[in-house]
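Summary of structural features
Here's the letter readout for the chains.
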Amino acid sequence: MSERTYLKKVIDAAIENEEIGERFYETMSKKFSDNSELQKLFYTLAGDEETHKERFKKIRDNLTANAFVPAAGVDYELAGPKKADAFFSEESIETKEDALERALAFEKASLNYYEGIAKILGPSDELRAMIDEEKSHVTAVMKSALNIGSRFRGMDDTWQSG
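For the structure given in this document, a descriptive report is provided here. (Residues numbered from 1 in each chain as written. Predicted model: local features only at pLDDT ≥ 70, side-chain atom pairs only at ≥ 80, totals over all residues. Heavy atoms only, no water.)

1. Re the packing of aromatic side chains
Aromatic ring pairs are described here by two measures, namely the spacing of the ring centres and the angle between the planes. Going by this rule: We call Phe, Tyr and Trp rings a pair once their centres come within 6.5 Å, taking the six-membered ring for Trp, and we label the pair stacked below 30 degrees between planes, edge-to-face above 60, and tilted otherwise.
One pass over the structure, following the stated rule, counts 7 aromatic pairs. A network of ring pairs unites the aromatic residues Phe-24, Tyr-25, Phe-32, Phe-42 and Phe-106 as a single cluster.

2. Thoughts on the environment of Glu-50
Definition in use: Helix and strand definitions here come from DSSP, where helices need a minimum of 4 consecutive H or I residues and strands a minimum of 2 consecutive E residues; each element is numbered from the N-terminal end. Accessible area is worked out with a 1.4 Å probe on protein chains only. A residue is then buried under 20% of its type maximum, exposed over 50%, and partly exposed in between. As used in this structure description, the phrase polar contact means that two N or O atoms lie within 3.5 Å; if the pair is within protein, one of them must be able to donate a hydrogen and the other to accept it, and residues adjacent in sequence are counted only when both atoms belong to side chains.
Inspection of the secondary structure puts Glu-50 in helix H2 (residues 36-61). On the basis of relative accessible area, Glu-50 is assigned to the partly exposed category, the value being 28%. Expressed as a C-alpha distance, the spacing of Glu-50 and Glu-19, which sit 31 residues apart in the sequence, is 7.1 Å. Side chain to side chain, Glu-50 and Lys-53 meet in a polar contact 3.0 Å long.

3. Side note on H2
For clarity, the cut-off: To estimate the expected span of a helix, subtract one from its residue number and multiply by 1.5 Å. By definition in these notes, contact holds between two residues if any of their heavy atoms fall within 4.5 Å.
In this model H2 runs 38 Å from its N-terminal to its C-terminal C-alpha over 26 residues, within 8% of the 38 Å that 1.5 Å per residue would give. Of the residues making up H2, those classed as buried are Leu-38, Leu-41, Phe-42, Leu-45, Ala-46, Glu-49, His-52, Lys-53, Arg-55, Phe-56 and Ile-59. Buried-residue contacts for H2 involve helix H1 (7-31), helix H5 (96-121) and helix H6 (125-147). Near the N-terminus of H2, the side chain that reaches the backbone nitrogen of Glu-37, with its oxygen 3.1 Å away, is that of Asn-35.

4. What to know about the pattern of salt bridges
This is how the line gets drawn: Definition used for salt bridges: Asp or Glu carboxyl oxygen within 4 Å of a side-chain nitrogen of Lys or Arg.
Counted by the stated rule, this structure contains 9 salt bridges. Across the pair Glu-126 and Arg-55 runs a salt bridge, and its minimum N-O distance is 3.4 Å. In this pair, Glu-126 sits in helix H6 while Arg-55 sits in helix H2, placing the two residues 71 residues apart along the sequence. Each of the salt bridges in this network shares a partner with another, and the network as a whole consists of Arg-55, Lys-58, Glu-126 and Glu-133.

Here you go:
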């Protein structure tokens, strides 16, 4: 991270992540339209990503112009959108297991990133709501994985398709 990373840049990375997630989930909803459960999950997640993007814009617009991230803060380049875009390459997702694995990894990374932002921003009802929604996304993706027969067992487990 550079000497001073401005908090607006960190929030802009979160907005871009939400845009990437929204595109991914819209694509997966169409790709797996033959599976009503997955289609509904991905459609819902896409809508939530759009809502999160707008909430992050509100947060960004209310920041002090030169607020910056302390040296021990969030490294937006580590968890940022450049890696997410390559991670979601549609060509590399052939099965519903692939899609759920990517969705779970994305939701877990988003959750960790937003919790890091919360430590810097302090109390924020908007951010707390998004963190709670990210937790529900992790749960929803895990439930779908279990419903398709995955041997996935928990947050730290490696992915194994059944």
